[in-house]
Amino acid sequence: MSKAQEGAAQPLAIAVLTVSDTRTEATDTSGDYLVAALTEVGHRLAARQIVADDIYRIRAVLSAWIADPAVQAVIITGGTGFSGR
């Protein structure tokens, strides 16, 4: 492998998770932005999901993606800040 190949960025298979109680596929603008941005620079969307703001649902999705060899990275978006919940 040449020096140029060693330093070249490699495309990744990235999963995008939106955590929201209100977003849908039609209204998930932050998820849409992330998918567009990652594919624009040559990465591949491995999976995408919207889950309610519930720790057990979030954990379930992340655990499945961690176990999936087709997913190399995860980006999480959503939430409006810290709350009592």
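Our structure's up above, just so we're on the same page.
Residues numbered from 1 in each chain as written. Predicted model: local features only at pLDDT ≥ 70, side-chain atom pairs only at ≥ 80, totals over all residues. Heavy atoms only, no water.

S.K.: Describe in detail the overall build of the protein, supporting the description with residues and values.
M.R.: A tally of helices and strands in the protein yields three helices and three strands. Along the chain direction, N to C, the helices and strands of the protein fall in the order α-β-α-β-α-β. A fraction of 74% describes how many contacts in the protein between residues 6 or more apart in sequence connect residues 24 or more apart. Accessible area for the protein stands at about 6,100 Å²; split by element, carbon and sulfur atoms hold 55% of it. (Helix = DSSP H or I, 4+ residues; strand = E, 2+ residues; numbered from the N terminus. Contact = heavy atoms within 4.5 Å. Areas by Shrake-Rupley, 256 points an atom, 1.4 Å probe, with all protein chains shown as cover.)

S.K.: With reference to specific residues and values, describe the sheet that holds strand β3 (residues 73–78).
M.R.: Spatially, β2-β1-β3 is the arrangement adopted by the three strands of the open sheet, whose pairing is parallel. For this open sheet the edge positions go to β2 (44–51) and β3, each flanked by a neighbour on one side alone. Shown here is a sheet whose adjacent strand axes are inclined to one another by a mean of 20°, direction ignored. Both strand β1 (residues 13–19) and β2 contribute to a ladder of seven bridges, which runs parallel. Pairing of T18 across the sheet is with I50, part of β2. Contacting β1, β2 and β3, helix α2 (residues 29–40) crosses the sheet at an angle of about 170° to β2. Lying over the sheet, helix α3 (residues 55–67) contacts β1, β2 and β3, oriented at roughly 175° with respect to β1. (Pairing = 2+ DSSP bridges. Axes fitted to C-alpha atoms, helices over the stretch in contact; angles between N-to-C directions.)

S.K.: Go over the environment of V61, please, and point to the residues and values.
M.R.: With respect to the helices and strands, V61 occurs in helix α3. For the pair formed by V61 and L17, sequence separation is 44 residues and the distance between their alpha carbons is 8.4 Å. Leave out the neighbours within four places in its chain, and V61 touches L17, Q49 and V51.

S.K.: Pulling in residues and values, what's your account of α2?
M.R.: Taking 1.5 Å per residue, 12 residues should reach 16 Å; α2 reaches 16 Å between its end C-alpha atoms and fits that length. Residues of α2 that are buried include every one of G31, L34, V35 and L38, and no others. End-on, the buried residues of α2 take up no more than an arc of 100°, which puts them together on one face. Seen from the open side of α2, the exposed residues pointing more than 90 degrees away from its buried face are T29, Y33 and E40. (Expected span 1.5 Å × (residues − 1). Buried < 20%, exposed > 50% of the residue type's maximum accessible area, 1.4 Å probe, protein only. Arc of directions from axis to C-beta.)

S.K.: Now, about the pattern of salt bridges: what can you tell me, with residues and values included?
M.R.: With the rule as written, the count across this model stands at two salt bridges. Notably, a salt bridge pairs R48 with D28, separated by 2.9 Å at the nearest N-O pair. Of this pair, R48 sits in strand β2 while D28 sits in the loop between β1 and α2, and the two are 20 residues apart along the sequence. Taking the relative accessible area as the measure of exposure, D28 reaches 1% and is therefore buried. Salt bridges sharing common partners tie together D28, D32 and R48. (Salt bridge = Lys/Arg side-chain N within 4 Å of Asp/Glu carboxyl O.)

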